[in-house]
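Remarks on the overall topology
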Amino acid sequence: PKGSLTVLGLGAMGSAIAHRLRGAGYALTVWNRTAAKAEPHTAAGAQAAPTVAAAAAAGDVVFVVLLDHATVREHLEPVAAELKGKVVVNLTTTTPNQSRATAAWAAEYGIAYLDGAIMAVPDMIGTPDARLLYAGDESAYAIARPALEALGAAEFAGADPGVASLKDMALLSAMDLMLLGYVQAIAMMRTVGTTAADTAGEVEMWLAAMLPYGREIAAIVDGGTYDTGGQSVDFDRAGIASLITASREQGVSARFLEAHRVLLDELAASGHGASDWPRIIDRLTIPS
Ligand code: NDP
């Protein structure tokens, strides 16, 4: 028989995870602050625990899918004794330092801690399209792995318990900046009556053609010399100036683009105008 698992938190994501784990044949205990949300799970054969302590005591591996870091700590700290010797898989979205802090707390109480990041929406859980990253205790990963693989493609990102969260936040940052690009283009084109849908279609085509360029940027950064003779900082400064002027001429703010120009200007001012523009990454390092 498969082992016993616990899921704390039955929101949209916790429910999807609980359904999938139950469907994969595990004995499942669930707990949720609003008890009514456990009903579909008990109907499907899970046990509902009346308290976090009872839920924590029931499973060998305890999944935590709560709102945020504060909620996780508020509910786990009082049940440290029940969690001792078990594996805790915290799938709640947290920052890298929050993940590290919870890992340090777990280590103090003899709890094997895995910090997870979910690169998926609830509907994707249990399909190969769901990618879940884990970091922290590698032996805990080995123990929990069959259950983790029931949730989607599982990847151990490293022993630093913050690294799965970090990768999550880095990928979300890339998405955020890219999607702002759509907004900028839509704002510019709607000044001449083009619908957002039409502009989004154009942007999608253009970005699809440009995506491979990301690997070239990476090669330049990894090379570390910024002298490949590709697009230079000065060349880019001229280009960005045109984008900013064009936006403003249409009555559209260029504040996202201006942030880019500030960094390029800093590079030029420090004597790097002729460098490959990906040297901009150095301007992102905050001096310690
Ligand atoms: P929901 O808002 O649907 O659910 C939140 C859960 O947290 C509920 O179980 C809720 O309980 C519980 N909760 C909130 N505050 C408290 C509290 N003070 N005490 C106890 N329980 C509390 O969120 P999701 O399920 O979507 O998200 C859960 C985690 O998963 C988040 O960290 C989110 O970032 C992450 N995630 C979600 C994704 C998604 O697409 N949904 C994608 C990737 C990660 P109650 O039912 O009683 O309100």
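Residue numbers run consecutively from 1 along every chain, following the written order of its sequence. For this predicted model, a pLDDT threshold of at least 70 governs which residues receive local features, and a threshold of 80 or more governs which side-chain atom pairs are given and counted, while totals over whole chains, interfaces and linings are taken from all residues.

For the record, the criterion: UniProt positions are given in the numbering used here, feature names are shortened, and annotations may be inferred rather than shown by experiment.
Under the annotation held in an unreviewed UniProt entry, the protein chain carries the name NAD(P)-binding domain-containing protein and is attributed to Glycomyces endophyticus. According to the UniProt record, the Sequence similarities (unreviewed entry) comment for the protein chain reads "Belongs to the HIBADH-related family."

A closer look at the overall build of the protein chain
Here is the rule we go by: A helix here means a DSSP run of H or I that spans at least four residues, while a strand means a run of E at least two residues long, and both kinds are numbered starting from the N terminus. Throughout, the radius of gyration refers to the C-alpha atoms, and the reference size of a globule is 2.2 Å times the residue count to the power 0.38. Contact between two residues is assigned whenever their backbone-derived C-beta positions fall within 7 Å.
Scanning the protein chain from terminus to terminus reveals 12 helices and eight strands. A globule of 288 residues ought to have a C-alpha radius of gyration of about 19 Å, yet the protein chain, at 24 Å, is considerably larger. Counting only C-alpha atoms, the protein chain reaches 65 × 45 × 30 Å along its principal axes. For the protein chain, contacts bridging at least 24 residues in sequence account for 60% of all contacts bridging at least 6.

What about the pairing of strand S7 (residues 131-136)?
For the record, the criterion: With C-beta atoms placed from the backbone, a residue is labelled by how many other C-beta atoms lie within 10 Å of its own: buried for 20 or more, exposed for 12 or fewer, partly exposed between the two. Two strands form a pair only when DSSP identifies at least two bridges running between them. Look down the strands so they point away from you; if going from the first strand over the helix to the second traces a clockwise path, that crossover is right-handed.
Across the six residues of S7, five count as buried, placing the element largely inside the fold. As paired elements, S7 and strand S8 (residues 153-158) share five bridges and run parallel to each other. The residue bridging tyrosine 134 from the neighbouring strand is phenylalanine 156, located in S8. Traced from S7 through helix H7 (residues 138-151) to S8, the parallel crossover comes out right-handed.

So, the site of the ligand
Under the convention used in this document: For each residue, a C-beta atom is placed from the backbone, and the residue is labelled near a molecule or strand when this atom is within 6 Å of it. Under this grouping Gly is polar, as are all residues other than the nonpolar Ala, Val, Leu, Ile, Met, Phe, Trp, Tyr, Cys and Pro and the charged Asp, Glu, Lys and Arg.
Around the ligand, a shell composed of 20 residues is seen, among which Gly11, Met13, Arg33, Thr34 and Thr93 lie nearest. No other element matches helix H1 (residues 12-23), which puts three residues into the shell around the ligand. For the shell around the ligand, the class distribution of residues is nine nonpolar, eight polar and three charged.

Side note on the UniProt feature "domain: 6-phosphogluconate dehydrogenase NADP-binding" (unreviewed entry) in the protein chain
Within this numbering scheme, the UniProt entry marks residues 5-154 as carrying the feature "domain: 6-phosphogluconate dehydrogenase NADP-binding" (unreviewed entry). Helix makes up 42% of residues 5-154 and strand 23%, and the two end C-alpha atoms of the span are 17 Å apart.

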